[in-house]
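Spelled out from the first residue to the last, the chains are:
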Amino acid sequence: TQRVFTFGKTKSQGDASMKDLLGGKGANLAEMSRIGLSVPPGLTITTDTCAEFHTSGRQLPPGCWEEILEGLRTVEAEMGLRLGDAAAPLLLSVRSGAAISMPGMMDTVLNLGLNDACAAGLAKRSGDERFAFDAYRRFLDMYGNVVMNIPHHLFEEQLERIKAERKVTEDTALSAADLKLVVAKYKEVYKSRGKVFPEDPYEQMRLAIYAVFDSWQSERANVYRSVNGITGLKGTAVNVQAMAFGNMGLTSGTGVCFTRNPSTGERKLYGEYLINAQGEDVVAGIRTPEPIDTLARTLPGAYQQLVENCNLLEKHYKDMQDIEFTVQEGQLYMLQCRGGKRTGQAAVRIAVELVDEGLVTTDEAVLMVEPTHLDQLLHPQFADEEAYKGSVVGSGLPASPGAAVGQAVFDAEDAEAWKSSGLPVILVRRETSPEDVKGMYTAEGVLCQLGGMTSHAAVVARGWGKPCITGCSDLQVDEHNKVARIGGKEIRQGDFLSLNGSTGEIILGKQPLAPPELAGDLGRFMKWVDDRRVLKVLTNADTPEDAEEARKFGAEGIGLCRTEHMFFASEERIATVRRMIVAQTKEARLKALADLLPFQRTDFEGILKAMDGLPVTIRLLDPPLHEFLPDGEMTEVCEALARDAGVTVDEVYSTIEKLQEVNPMLGFRGCRLGITYPEITEMQVRAMFEAAVRVIKAGGKVQLDVMVPLVGTAAELANQESLVRRVAKQVMAESDTVVSYRVGTMIEVPRAALQAGAIAKTAEFFSFGTNDLTQMTFGYSRDDIGKFLPIYLEKGILVNDPFQVLDQDGVGELIKFAVERGRASRPDLKIGICGEQGGEPQTVAFLHEVGLDYVSCSPFRVPIARLAAGQAAV
Ligand code: ADP
Ligand code: MG
Ligand code: MG
C-alpha cells in the first residue's frame with residue numbers, strides 16, 4: 001500500500017476526492033497544485049498510517065520512512081534545496097490534517113530543518129541574517145513546544161525580556177543580533193528543562209511526524225471530536241511541505257481569508273493578514289492583523305493574485321472557501337483551502353447567491369445548508385434591539401452572530417459546572433485556547449478581550465452557531481479574580497450579561513429574546529426545499545398558540561395534540577379532572593366530565609381554527625390517571641380532594657391506592673382508560689366534534705383525525721372506534737353539520753406493529769409513537785435510561801440515543817413491517833410518525849425511504865424537518 005503521496009508543480013499524486021486517506025488539507029493541497037495554483041511542494045502521509053502508528057505502539061510501518069525520503073527527494077528537486085544542506089537548506093513545515101477539519105486542535109511545526117550550520121547557510125543564501133534567525137527562533141519555540149513538551153511561555157518570557165530591554169513592543173522591531181540572542185536563550189530553555197535539541201534535520205523531521213500523529217490522541221482533540229460528534233475517522237494525515245516565508249521583510253506577509261463573509265454570507269473577501277510574519281502570528285493574536293482590503297494598497301500584486309485565486313477556487317469547488325496564504329517577497333503562495341465554516345445566516349445567503357451566479361443548481365443549493373444551520377437561524381434574536389441601547393457597556397468584533405443571554409463565568413470549568421446545574425452562562429475570557437472548547441460549547445455565548453475575526457474563539461463559535469464577540473479593547477478581563485471591567489462598570493461572576501454577536505454589542509442584564517422569522521433569502525431557499533419534498537411535515541401542538549407558531553414555521557397540520565396537557569392550564573381545570581378521578585359513582589363522574597367538556601371544546605376550537613382545514617390529529621386521553629393527582633403529604637391530599645369532590649376521605653384514599661402502579665408506563669393508560677371508562681372517550685369526542693361544528697359554522701374548514709393511543713390488538717381499536725363514530729354521528733345529527741373526520745391509531749406497542757394488517761382494517765391512519773415504541777422495543781424505560789445510556793454510548797454499544805435518533809435496525813424494521821402490512825390491507829392508509837425523532841434529520845431521511853406520508857415534530861423543528869425531507873428527496 002502507498003503511504004506517501006507527493007504534490008508539486010509537475011505532478012500531484014492525490015486530489016480533492018481523497019480526503020479520507022489524505023485528510024482535507026492534504027487532498028486540497030494536491031488539488032490546488034493540480035489546477036495550477038502556486039503551492040509549495042510537499043508530501044502527505046496517509047491517515048491509515050496514523051492508525052497503524054498508534055496500534056503498533058508509536059512506530060512507523062515498515063518501509064514508510066523510505067517512502068517519506070523518496071517523496072522528500074521530489075520536493076528537494078523542485079525547490080533546488082536539500083534538507084540539512086547548509087549551502088542550500090530546505091526548510092519544511094510538518095502539518096496535521098484529518099478528513100474532517102478540527103481547527104487548531106492538532107499540531108504543526110514550521111521552519112523545520114534548521115540548526116546552527118543551516119541557519120548560517122540560510123542567512124548567507126538569502127542575504128538576510130535577520131530573517132534567518134527569526135526563522136530559527138520560531139522553529140526552536142514551536143519544536144520545543146510541540147515535540148519536546150516544553151511550555152511555550154518559557155520561550156515567550158525570554159522573548160518578552162529581550163524586547164523590554166530593547167524597548168520595543170513588536171517582534172519585527174528586533175535586529176538580527178537581538179534574534180541571535182533570542183536563539184541562544186531558547187537553547188538554554190531546552191537545557192534548563194533537561195531536553196536535547198536534535199541538531200540532525202532528519203531526526204527533527206521524524207520526531208515532528210511522530211508528534212503530529214500523537215496530537216490526534218491529545219485530550220483537546222478527543223474532546224473536540226466528542227462534542228462535535230465526529231466518529232469513525234482513522235487518524236490524521238501528516239503534510240510535510242516546503243516553507244513559504246512570510247517573514248522576509250515588508251514585501252512578505254501571511255494571512256487567512258474567506259472568499260465570502262462567513263458570518264453574513266456577503267460576497268466580499270473577508271480576512272486578515274500581517275506583514276513580515278508567519279502563519280501562527282495571525283491566529284495567535286500576538287500582533288493585531290490588518291483587514292484584507294488594505295492588502296490591495298500594501299501589496300497590490302499579491303492582492304491581485306489572491307483575488308484571482310479566490311475566484312478560481314470558488315468556480316472549481318462551487319462553494320465558499322477558507323484560505324491560508326503567505327506572500328514571500330511579493331509572490332503569493334496558497335497554503336490551504338477548504339469549504340469555509342459558516343453561520344446559518346451565511347449558509348442560506350451563500351446557497352441562494354451561488355444559484356443566482358449560476359455556479360450551482362437549486363438541487364445542489366438545497367444540499368448546501370445543514371440542518372444545524374437552520375437550527376441556528378431559528379434560535380432567538382433580541383426582541384427589540386432599540387430597547388437595550390441604554391444598557392450597552394461596550395462593543396467588540398461581531399465574530400459570530402445571534403443573541404446570547406446568561407450569567408458571566410470566567411473559565412471553562414466554571415462554565416461546565418454552572419451549566420450542569422441548569423444555569424445558562426456567558427464565558428468571558430481574555431483569550432480562548434483550544435483547551436476551552438468544552439466550556440465554550442456549554443456556554444450560551446463567548447466574550448473575548450483579545451483576538452480577531454479569525455481567532456480560535458471566533459472560528460469555533462461560528463462552527464457551532466454560538467454568538468461570540470472578540471477583540472473588545474474596552475474590556476479588561478481579570479480571570480484570576482473572576483471579574484471584568486468595561487465602560488466604568490464591573491462584571492462579576494454570576495452577573496447577567498447579554499451579547500449581540502451580530503453587532504458586537506455587550507449589554508448588561510438579561511435582555512428579552514424573541515423567535516426569528518422565515519423571510520427573504522430563507523424564504524426563497526425553503527421554497528426550493530418544499531418543491532422537492534415528498535414527506536409532509538406536521539407538528540406536535542397542544543394549544544392554539546403552539547398551533548399558530550407552528551404554522552408560521554410551515555407546519556402542514558397537527559400530527560399530535562395531547563389533550564391532557566391542557567388539563568393543567570388552570571386551577572379550575574385540574575380540580576375538575578381530579579373530581580372526575582375520585583368520583584365514586586358513574587353519575588358523579590359524568591358530572592365532572594360535563595364540567596370538563598367546555599374547556600376541551602374551547603381549546604379544540606382554537607386549534608382547528610388555526611389549522612383551517614389542515615389535518616388536526618387529536619389523541620384520546622393517554623397518561624395514567626395518577627399523573628393528575630397532587631403531590632404532597634397523603635392525608636392532606638386526600639382531605640382536600642374529599643372536600644372538593646364531596647366524597648369521604650376513605651373513598652379518596654382507596655381510589656388513590658388502587659391507582660398506584662408498579663410500572664405505570666405499562667399500566668392503566670392509553671386506550672385501556674377509554675375502554676374501562678367509555679364516558680371519558682365520549683366526552684372527549686363530543687368536545688372535538690362540537691368544536692369542529694362551531695368552526696365550520698363560522699365559515700372555517702376542518703379535517704379532524706381522532707387517534708386512539710396504546711393499541712396492541714385490533715379489538716381494542718374496534719372498541720374505541722365504534723364509540724367515536726357513534727358520538728360523531730350524534731353531534732353531526734344534532735347540529736346538522738358534516739365534519740370530515742378519520743379514526744386511526746398510534747402504533748407504539750410492538751404487538752400493534754406486528755398486527756398492523758388486522759388493525760388497518762379499522763384504522764384509517766397510523767401514527768408511529770416512536771417514544772413508546774422505542775421504549776417497549778428495547779425494553780428501556782425512557783425515564784431511567786440516564787443511568788446507563790452514557791456508558792453504552794462511551795463503549796459503543798449504542799451509537800446514538802435511540803430516543804433522539806430513531807433506531808433504524810430494530811424499531812425501524814418494525815416500522816417497515818407495519819407499513820407494508822398496513823398498506824396491504826388498506827392501500828390509502830395514511831402513515832406518519834409523532835415521536836421526538838420526527839424532527840431529527842437522519843430519521844427523516846430514513847422515513848422518506850420507508851415511504852411514510854408525514855412526520856410530526858415540535859414547532860421549532862418544523863423547518864429542520866422540511867429541510868431534511870427536501871434533502872432526502874434530492
Ligand atoms: P492548522 O490546521 O492548525 O491551521 P496548519 O497546518 O494549517 O495548521 O498550519 C498552521 C499555520 O502555519 C498556518 O497559518 C499556515 O499558514 C502556516 N504554514 C503551514 N505550512 C506552511 C508553509 N509550508 N509555509 C508557510 N507557512 C505555513
Ligand atoms: Mg490551517
Ligand atoms: Mg405513547
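Rules used throughout
- Residues numbered from 1 in each chain as written.
- Chains lettered and ligands numbered in written order.
- Predicted model: local features only at pLDDT ≥ 70, side-chain atom pairs only at ≥ 80, totals over all residues.
- Heavy atoms only, no water.
- Pairing = 2+ DSSP bridges.
- Helix = DSSP H or I, 4+ residues; strand = E, 2+ residues; numbered from the N terminus.
- Axes fitted to C-alpha atoms, helices over the stretch in contact; angles between N-to-C directions.
- Near = heavy atom within 4 Å.
- Polar contact = N/O pair within 3.5 Å; in protein donor to acceptor, adjacent residues only side chain to side chain.
- Areas by Shrake-Rupley, 256 points an atom, 1.4 Å probe, with all protein chains shown as cover.
- Nonpolar A, V, L, I, M, F, W, Y, C, P; charged D, E, K, R; others polar.
- Donors = N, O, S within 2.8 Å, 3.2 Å for Na, K, Ca; no water.
- Buried < 20%, exposed > 50% of the residue type's maximum accessible area, 1.4 Å probe, protein only.
- Parallel < 35°, antiparallel > 145°, perpendicular 65-115°, else oblique.
- Left-handed = near helix turned anticlockwise from the far one by under 90°.
- Contact = heavy atoms within 4.5 Å.
- Salt bridge = Lys/Arg side-chain N within 4 Å of Asp/Glu carboxyl O.
- UniProt positions renumbered as here; feature names shortened; annotations may be inferred.

**Re the sheet that holds strand β20 (residues 489-492)**
No. 1: Read across the open sheet, the 3 strands follow the order β18-β19-β20; overall the sheet is antiparallel. Edge positions in the sheet fall to β18 (476-478) and β20, since each of these pairs with one other strand and no more. Neighbour to neighbour, the strand axes of the sheet diverge by 20 degrees on average, direction disregarded.
No. 2: Where β18 meets strand β19 (residues 483-486), 3 bridges bridge the pair, whose relative direction is antiparallel. Pairing of Asp478 across the sheet is with Val483, part of β19.

**Brief notes about the site of ligand 1**
No. 1: Around ligand 1, the surrounding shell holds 15 residues, and the nearest of these are Lys25, Arg95, Ala242, Glu280 and Gln336.
No. 2: One of the backbone N or O atoms of Ala242 is found 2.9 Å from a nitrogen atom in ligand 1.
No. 3: At 3.0 Å from a nitrogen atom of ligand 1 is found a main-chain nitrogen or oxygen belonging to Ala244.
No. 4: Relative to its unbound accessible surface of 550 Å², ligand 1 loses 91% to contact with the protein.
No. 5: At the level of elements, β3 (92-98), β4 (108-112), β5 (236-242) and β10 (331-339) are the ones that each hand at least two residues to the shell around ligand 1.
No. 6: Residues that form the shell around ligand 1 fall into these classes: 5 nonpolar, 6 polar and 4 charged.

**A closer look at the pairing of β20**
No. 1: Examined bridge by bridge, β19 and β20 share 4 bridges and lie antiparallel to one another. What sits directly across from Ile486, in β20, is Lys489.
No. 2: Turn length for the β19-β20 hairpin, with the two strands adjacent in sequence and antiparallel, is 2 residues, and the turn residue Gly487 shows positive phi of about 50 degrees.

**Concerning the coordination of the magnesium ion (ligand 3)**
Tetrahedral metal sites with four donors have an ideal angle of 109.5 degrees; octahedral sites with six donors have ideal angles of 90 or 180 degrees.
No. 1: The coordination sphere of the magnesium ion (ligand 3), as far as protein atoms go, consists of Glu748 (OE) and Asp772 (OD), spread over 2.1 Å. With Glu748 in the loop between β28 (740-747) and α28 (750-754) and Asp772 in helix α30 (residues 770-778), this residue pair connects regions lying 24 residues apart in the sequence. We note that Glu748, like Asp772, is buried.

**Structural notes on the packing of helix α26 (residues 678-697) against helix α27 (residues 714-735)**
No. 1: Contact geometry of α26 with α27 gives a least axis separation of 9 Å together with a crossing angle of 40 degrees. As summarised for this structure, α26 and α27 are arranged oblique, according to the angle between their axes. Viewed along their axes, α26 and α27 form a crossing whose handedness is right-handed. Between α26, through Pro678, Thr681, Glu682, Val685, Arg686, Phe689, Glu690, Val693 and Lys697, and α27, the contact on the second element is made entirely by Gln720, Leu723, Val724, Arg726, Val727, Ala728, Gln730, Val731, Glu734 and Ser735.
No. 2: When the residues that make up the contact of α26 with α27 are grouped by side-chain class, the tally is 9 nonpolar, 4 polar and 6 charged.

**Overview of the sheet that holds strand β22 (residues 505-508)**
No. 1: The sheet built from 8 strands is open, its strands ordered β12-β22-β21-β14-β15-β16-β17-β13 with mixed pairing. Looking at strand neighbours, the two that pair on one side only are β12 (392-395) and β13 (397-400), the edges of this open sheet. When the angles between neighbouring strand axes are averaged without regard to direction, this sheet yields 30 degrees.
No. 2: As judged from the 2 bridges shared by strand β16 (residues 445-448) and strand β17 (residues 468-470), these two strands associate in the parallel manner. Along β17, the bridge assignment pairs Val446 with Cys468.

**Remarks on the pattern of salt bridges**
When the charged atoms of two side chains lie near each other, side chains of opposite charge can form a pair.
No. 1: Scanning all chains against the criterion turns up 62 salt bridges.
No. 2: A salt bridge links Asp322 to Arg338; the shortest N-O distance between them is 3.1 Å. Residue Asp322 is found in strand β9 (residues 321-328), and its partner Arg338 is found in strand β10; the two are separated by 16 residues along the sequence.
No. 3: Among the residues examined, Asp322 registers a relative accessible area of 10% and is labelled buried.
No. 4: Close ionic contact of Glu682 with Arg726 constitutes a salt bridge, the shortest N to O distance being 2.9 Å. Of this pair, Glu682 sits in helix α26 while Arg726 sits in helix α27, and the two are 44 residues apart along the sequence.
No. 5: What makes Arg726 partly exposed here is its relative accessible area of 42%.
No. 6: Each of the salt bridges in this network shares a partner with another, and the network as a whole consists of Asp134, Arg137, Arg138, Glu160, Lys163, Asp171 and Asp281.

**Here we look at the UniProt feature "active site" (unreviewed entry) in the protein**
No. 1: Under the feature "active site" (unreviewed entry), the UniProt entry names His456 and Cys834. In sequence the annotated residues extend across 379 residues, and in space they extend as well, their farthest C-alpha pair lying 40.2 Å apart.
No. 2: As for its placement among the helices and strands, His456 is situated in helix α18 (residues 456-464).
No. 3: Residue classification places Cys834 among the buried positions, given a relative accessible area of 3%.
No. 4: Sequence-distant contacts of Cys834, that is, excluding residues within four places in its chain, are made with Asn540, Gly559, Leu560, Met746, Ser767, Phe768, Gly769 and Ser856.

**What to know about the UniProt feature "domain: PEP-utilising enzyme C-terminal" (unreviewed entry) in the protein**
No. 1: When the UniProt feature table is mapped onto this chain numbering, "domain: PEP-utilising enzyme C-terminal" (unreviewed entry) sits at residues 519-872.
No. 2: Between the first and last C-alpha atoms of residues 519-872 the distance is 23 Å; the span itself is 54% helix and 12% strand.

**Considerations on the coordination of the magnesium ion (ligand 2)**
No. 1: Donor atoms from the polypeptide that coordinate the magnesium ion (ligand 2) comprise Glu324 (OE), Glu324 (OE) and Gln336 (OE1), at 2.0 to 2.8 Å from the metal. Remark: Gln336 occurs in strand β10 and Glu324 occurs in strand β9; sequence separation between them is 12 residues.
No. 2: Take Gln336: its relative accessible area is 5%, and that puts it in the buried class.

**Some words on unusual backbone geometry**
No. 1: We note that Glu329 has phi near 45 degrees; this positive angle belongs to a residue other than glycine.
No. 2: Within the secondary structure layout, Glu329 lies in the loop between β9 and β10.
No. 3: The phi angle at Leu710 is positive, at roughly 55 degrees, despite the residue not being glycine.
No. 4: Mapped onto the elements, Leu710 comes out in the loop between β27 (703-708) and α27.
No. 5: Residue Leu710 is classed as buried on the basis of its relative accessible area of 0%.

**Quick notes on the packing of helix α21 (residues 571-582) against helix α23 (residues 634-645)**
The angle between the axes and the distance between the axes are what describe a pair of packed helices.
No. 1: With their axes 10 Å apart at the nearest point, α21 and α23 run at an angle of 90 degrees to one another. Considering the angle they form, α21 stands roughly perpendicular to α23. Residues Ala575, Arg578, Arg579 and Val582 of α21 form the contact with α23, whose participating residues are Leu641, Asp644 and Ala645.
No. 2: Across the contact of α21 with α23, the residue classes tally to 4 nonpolar, no polar and 3 charged.

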